[in-house]
Every structure is written in structure tokens, then in C-alpha cells.
Amino acid sequence: MNAKGQAALALYHQWFGERAFALCGLPGPSPKQGVTRCSGCGAKGGHLHSGATHAFCDVCVTVAGNYQGIGTPGRMGGGWAALITPAFAELTTTSEKNLQAFKTLPQANLTHATPNELIMRALLNPPEPPFMLIRFGNANADICGQLRASYSKDLIYLSGDTIDRIDARKVRDGVAAVTRAEIPQKLLQQSVASYSAIARGLLPEAGLQKARQTICDAEVKLPGITEIIRSMPLIGSSEYKWIMACSYATK
Amino acid sequence: MSKTIPFLIEAVLDSPVILSSDAYLTLDSLLSASCQLRGEDDTHLPLRRTADVYHASAGILVGNPITSEAAFLARLTVRDCNNPRIKPNKKSGLIISTVSFPDKARLDRYQAFHAAKVIWLGCGDPDETLRILSRLPGLGKRYNAGYGQVSAYSVTPIQRDFSMQLPDDTLARPVPIRICQQLGIDLSHAHLDRATYKPNYFDFTQADLCALPTTRLINKDDVDFLKEAI
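These figures come from a predicted structure and were not determined experimentally. (Residues numbered from 1 in each chain as written. Chains lettered and ligands numbered in written order. Predicted model: local features only at pLDDT ≥ 70, side-chain atom pairs only at ≥ 80, totals over all residues. Heavy atoms only, no water.)

Engineer: Just give me the short version of the overall build of chain A, but keep the residues and values in it.
Structural biologist: Broken down by element type, chain A carries nine helices and eight strands. Here chain A holds 251 residues, and the buried ones make up 50% of them. Contacts in chain A between residues far apart in sequence, at least 24 positions, make up 55% of those at least 6 positions apart. (Helix = DSSP H or I, 4+ residues; strand = E, 2+ residues; numbered from the N terminus. Buried < 20%, exposed > 50% of the residue type's maximum accessible area, 1.4 Å probe, protein only. Contact = heavy atoms within 4.5 Å.)

Engineer: Got a sec to walk through the sheet that holds strand β2 (residues 17-18) of chain B? Specific residues and values, please.
Structural biologist: All names here are of chain B. Taking strand neighbours across the sheet as the criterion, the three strands line up as β2-β7-β6 in an open arrangement whose pairing is antiparallel. The open sheet has two edge strands with one neighbour each: β2 and β6 (66-74). As paired strands, β2 and strand β7 (residues 106-114) are joined by two bridges and run antiparallel to one another. Among the inter-strand pairings, valine 17 is bridged to a residue of β7, identified as phenylalanine 113. (Pairing = 2+ DSSP bridges.)

Engineer: Before we move on, can you summarise the packing of helix α1 (residues 27-37) of chain B against helix α2 (residues 126-133) of chain B with the specific residues and values?
Structural biologist: Residue and element names in this part refer to chain B. As a packed pair, α1 and α2 sit with axes 9 Å apart at the nearest point and diverge in direction by 60°. Compared by their axis directions, α1 and α2 come out oblique. Remark: the crossing between α1 and α2 carries left-handed chirality. In this structure, α1 uses Leu27, Leu30, Leu31, Ser34 and Cys35 to contact α2, whose residues at the interface are Thr129, Ile132 and Leu133. (Axes fitted to C-alpha atoms, helices over the stretch in contact; angles between N-to-C directions. Parallel < 35°, antiparallel > 145°, perpendicular 65-115°, else oblique. Left-handed = near helix turned anticlockwise from the far one by under 90°.)

Engineer: Let's hear about the sheet that holds strand β10 (residues 175-176) of chain B: which residues, and what values?
Structural biologist: Remark on secondary structure: sheet strands pair via backbone hydrogen bonds, oriented parallel or antiparallel. Residues and elements named next belong to chain B. Spatial strand order, β10-β12-β11: three strands in an open sheet with antiparallel pairing. Each having just a single partner strand, β10 and β11 (191-195) make up the two edges of the open sheet. Bridge analysis of β11 against strand β12 (residues 208-212) gives five bridges, and the strand direction is antiparallel. Opposite aspartate 193, over in β12, you have cysteine 210 as the bridge partner.

Engineer: Before we move on, could you go through the side chain of B:Asp193 and cite the residues and values that matter?
Structural biologist: For B:Asp193, the position within the fold is in strand β11. A polar side-chain atom of B:Asp193 sits 2.5 Å from a polar atom in the side chain of A:Tyr157. (Polar contact = N/O pair within 3.5 Å; in protein donor to acceptor, adjacent residues only side chain to side chain.)

Engineer: So what's going on with unusual backbone geometry? Which residues, and what values?
Structural biologist: Here the bond from A:Pro129 into A:Pro130 is cis, since omega is 5°, no more than 30 degrees from zero. Relative to the elements of secondary structure, A:Pro130 occurs in the loop between α4 (115-124) and β6 (132-136). The omega angle of the peptide bond from B:Pro199 to B:Asn200 is 0°, so this bond is cis rather than trans. Here B:Asn200 shows up in the loop between β11 and β12. The backbone of B:Ala51 sits at a positive phi, close to 45°, despite the residue not being glycine. Within the fold, B:Ala51 resides in the loop between β3 (49-50) and β4 (53-54). For B:Ala51, a relative accessible area of 35% corresponds to the partly exposed category. For B:Asp52, which is not glycine, the phi torsion reads 80° and is therefore positive. Looking at the secondary structure, you find B:Asp52 in the loop between β3 and β4.

This is the structure:
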């Protein structure tokens, strides 16, 4: 793990590491003699919690639940997200059971909401950097290597099963433009798909004409939409995905 | 360094090149790698330097490349044998399972770009830079598996130094924010992140808060504009 990951891990550890043991409720027998490093991140020297075949450090034990050798704290699987700063932590989950478990984390804000709601809120109104946004999935085995802190409000990393790099300024600009023009979702999807196909130059001439016609039709329905879609990220990008989520998910 | 002039280097690609979103393939990183591969000293690259930062842009792909996924399977290797849990050929030793976490085979997924060319902007000795660069066996990750193969390099002297900032005022390479003012770089629209900004780029212990480049693609017409800009 490089220093970039280590800095993120330190931030994660501040909130979850020391409390992980209580949070998971593991009995935590001492590891077998000779085992000195964590099976998840390879860290040496820390306190290890032993399972049947593997031993995990304070951090990895919180997320290693679904893997063999550890008494599975099922609540630590997918379906929750966390926003962590040095000053506060915010956790969201839709599960009442998880909410009860998270109450062992003092000073953390607990919200009954979907993970995407927290992520959308963080993209639109990010806290002061540095901060870390984590979406926990069901495969959190390598979570220690998959953490990345954000040092700017405009470039936000979404840690988790994969590390997504999101240009949050593009997302905010896109959401503002879509909301201002009150573009119907289907019309926006069709227009951006057509524009993306033209921009990528992957269509034959007949397909290009059809795509141009789609944009012309959209312009007739909603004058000014062409300018908006020209400034939007292309379809398939993570920014486009979050613009759509932030613009339409709550409607 | 015998001469210091701005220049533009073009590399014609024979195969797709693998680039990740936070690896910028800067010209100085490639020159440093080329020197290190031959065991040569890489502390004096033939490029101008301002406050620890070389005047060498990130790699910019020409055109609108098709992307594909390049996936590689990574298994336990010899270097993993330092792990105390691995004790081969010993019945009484600790055992590992290579079919489950954490020792199972891992699938590394990269994004490969099918571009015709890559360009870099620099300031320094163009001929020496081209000589060192052209010794590289390939560009980007997994060049030893056939990615990032280059058929030809060419260098063109240009009028203005765009190696730090492009004509549209976006950054051409990662620059630490502590020297942005010295270089006259406006940070109001810059993306900030912790990144490395000098060789060895893989050594994140020397990372600093940097303003990052956002231009990763360029049209062919804009390349001609860069060559002719005065």
C-alpha cells in the first residue's frame, strides 16, 4: 500500500479502527503463535483479531465479515455508506439492525437513508477537505487498499469495492443546468446518448443522421437543450451517472 | 544542458496504451524510467526545472480514442514468500488457500486507450530528450505484455513553453500548489489532490498537494495549433 492509501487508512482508522472490535462483537481470541500480520492489509505490529484461518487488524475486521474464517458480522456487509472527516463521521443505512450496531460509534451521525443519498449529498455539498466517502458493498475484502481520501471539493473519490474518481464540479454544474431547464429525464437520456454517439464518432453515416435528428427533435421540444447536453459529460461516465441520480432520483 | 527550448514530442502508437485516471505519464517520469532501466543516473534530465518541477507535460492522447478493458490475473509471486504464513513443503507449517481471500488470485482491471498518437510538451534539450525517450521499450502499464508499443517518435521545436500550462490555461502536469503562485498558475478552477510531481513518481512518500492536469485528450487540429502558436 502506498502513502496515499496509508493516509486514507489513518482517517478510516480514526473512526472505525479502535471501535471495530466492539462494533463487530467478535470474541477475538489471540491469533496463532507466529501470526504477526493482518491477512487483509498486511499491516504488522497492531492488535490482531483471529478467526478460524485468518487474523485481521482493527480496521480489516470491520469489513472482512463475508469471508471465511471470521465469525460473520452480517451487518457489516453491503448497504451502508460513510462520510468521514477528521471532525465528524456520518453513516447511513436503511437497516434498523445496522443502525443499532452503529450506535456503538460515539459522536457519529447516524441516518436512516440509502447509501446513494449520502453520496449525492456529499457530491452536491461536500464538507471541508480532507474527507473520505466510502460505499460498502458485499466484497470488502481489500477495503484497506481501496480507501482514498479527497483533498478538494471538486475531485471526490468514492472508495469501496472500486475507487471511483468523480469530477464533482461537473456533477454540480450538470445538476444545476438540468434543474434550471426542467428537462424531462427521458428527453435528457436520449439527447445525451445521441450526442455521445456523435462525439465518439462510432456510428456509420445513417446512425449519425438519426442521432442528429434526435437532437434536433429535442431542441424543438425544449429550446436550448443542445447547449446543455454539449456541456454535459458523455454517457457512460461516472459524472453522467451521478448527474442523473442527483437530478431525478428523489423526484 | 546544452540548450533550452520549448518542444513537442509525438509518439505514434502501434498498440493500445494503458492509462489510469491518476497516472499522468509525464515526460520526466518516462525519461527517468528510461535511465533507471539502464542503470544510469536520472538526477539530471535534459529538461528545464523550476523549484523541483520539470518542464514536462503529462501525456496527452490525440483524437477521441476507443477504450477497452485490459484485465490481468495476478497470483502469489515469489516476493509474497516473505509472508510468514507461507511455508511451502512443510506439513506442519501454516497453510494458505489460494482460492479464497486474502491469497486468492486477483484480477487487475486497467483501461486501455486505442489512440493513434500521444504527445508531450517540454522545455529543454529536444534531441537529448528524444534520444532517452526512444530507448523505452513501451509506454504505460503492461508494456511488457504488448500494450503501449510505439512505432516512431518525432520532436518539433515550438515557440512557446506549454509544458506547465496549456493555451486554455488548464494545467499540463501536476504542480504542487505551494509553487503555483511562483509559476503564475491560477488555482480557482484547478483540481486538487495529493500526488507525486517529480521522479520517482511511484514513491508516494514524496507526494504533495498538487493542482492536477485535466486535459487528457486533444484534437489533431489543436496539435497543429500548439506547433504554430507564437
